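Residues per chain, in single letters:
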Amino acid sequence: YRFFHWHLAFPTVFANGGFDVVLGNPPWERVKLQEQEFFAPRSEAIASAANSAIRKRLIQSLPETNPELWTEWCAATREAEGQSHFVRNSGRFPLCGKGDVNTYALFAEHNRAILGKRGRAGFIVPTGIATDDTTKEYFWHLMASRSLAAFLGFENEARIFKGIDHRVNFCLLVIGDISVTRSRFAAFLRYPQDSNDLTRVFDLDRDDIACLNPNTKTAPLF
């Protein structure tokens, strides 16, 4: 399973309090095993089944029809269940390890946890990190602790990421362990240079967020 223990891999870094800089584009994958995605390169009949009920019957017949694929499916299921159990119950991800967990949210929480006292992290994740119900506690934690430096939301109509559907919105999230009085926000930018357009970028603090969205304390997208 390629377990990776950050404190063992970087003992000197954590002895000094954590990383100064964290940069990345973490994977955007649901932790839950997706049947169609798994079988697409392995069994066209199962992947293209007319509905979920038929697909499940075909999977259940694998011990007789394709024992090797059944073994592979059981191993993948075991791994996914183990990941889900760890994410939800280990205490490692108290803010994002709930609901329909996605790896981008786990990396977002992890990036915050490994920063040093004056560290900064910048990474690319879906805009849902600031607007979805399952990540609202993480976003509000950033605002309440004055750790959010910037949330710059982009649409993908310019195909900045060619392999991603143009309807998928993403953001550049910049967080730090330094007290930020007001956070920079932008939404539906099309090109990176748009982030320099002062008519498109605005500042909000935690009181603004609490006023605009008092029930969820998620980010409004103007």
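Residues numbered from 1 in each chain as written. Predicted model: local features only at pLDDT ≥ 70, side-chain atom pairs only at ≥ 80, totals over all residues. Heavy atoms only, no water.

What to know about the nonpolar core
Then step 1. Grouped together as the largest cluster of nonpolar side chains are 33 residues, with contacts concentrated most on Ile 129, Tyr 138, Leu 148, Leu 173, Ile 175 and Phe 185.
Then step 2. Looking at this core, the elements that each hand over two or more residues are β1 (19-24), α8 (103-113), β2 (115-126), α9 (128-131), α10 (136-144), β3 (148-154) and β4 (170-176).
Then step 3. Those residues in contact with Ile 129 that lie beyond four places of it in its chain are Tyr 104, Ala 105, Ala 108, Thr 135, Tyr 138, Phe 139, Phe 151, Cys 171 and Leu 173.
Then step 4. Residues Phe 38, Ala 47, Leu 69 and Trp 73 belong to the second largest nonpolar core, which totals nine residues. (Core = buried A, V, L, I, M, F, W, Y, C linked by side-chain atoms within 4.5 Å. Buried < 20%, exposed > 50% of the residue type's maximum accessible area, 1.4 Å probe, protein only. Helix = DSSP H or I, 4+ residues; strand = E, 2+ residues; numbered from the N terminus. Contact = heavy atoms within 4.5 Å.)

Looking at the environment of Asp 177
Then step 1. Mapped onto the elements, Asp 177 comes out in the loop between β4 and β5 (183-189).
Then step 2. Each C-alpha atom of the pair Asp 177 and Glu 137 lies 17 Å from the other, and the pair is 40 residues apart in sequence.
Then step 3. For Asp 177, the residues in contact, after removing those within four places along its chain, are Arg 112, Leu 115, Gly 116, Lys 117, Arg 118 and Gly 119.

With respect to the pattern of salt bridges
Then step 1. Per the counting criterion, the structure on display carries nine salt bridges.
Then step 2. Here Arg 30 and Asp 100 are joined by a salt bridge, their closest N and O atoms 3.1 Å apart. Remark: Asp 100 occurs in the loop between α7 (67-89) and α8 and Arg 30 occurs in the loop between β1 and α3 (35-39); sequence separation between them is 70 residues.
Then step 3. Residue Asp 165 is joined to Arg 167 by a salt bridge in which the shortest nitrogen-to-oxygen separation is 2.8 Å.
Then step 4. You can call Asp 165 partly exposed: its relative accessible area is 32%.
Then step 5. Residue classification places Arg 167 among the exposed positions, given a relative accessible area of 62%.
Then step 6. Connected via shared salt-bridge partners are Arg 182, Asp 205 and Asp 208. (Salt bridge = Lys/Arg side-chain N within 4 Å of Asp/Glu carboxyl O.)

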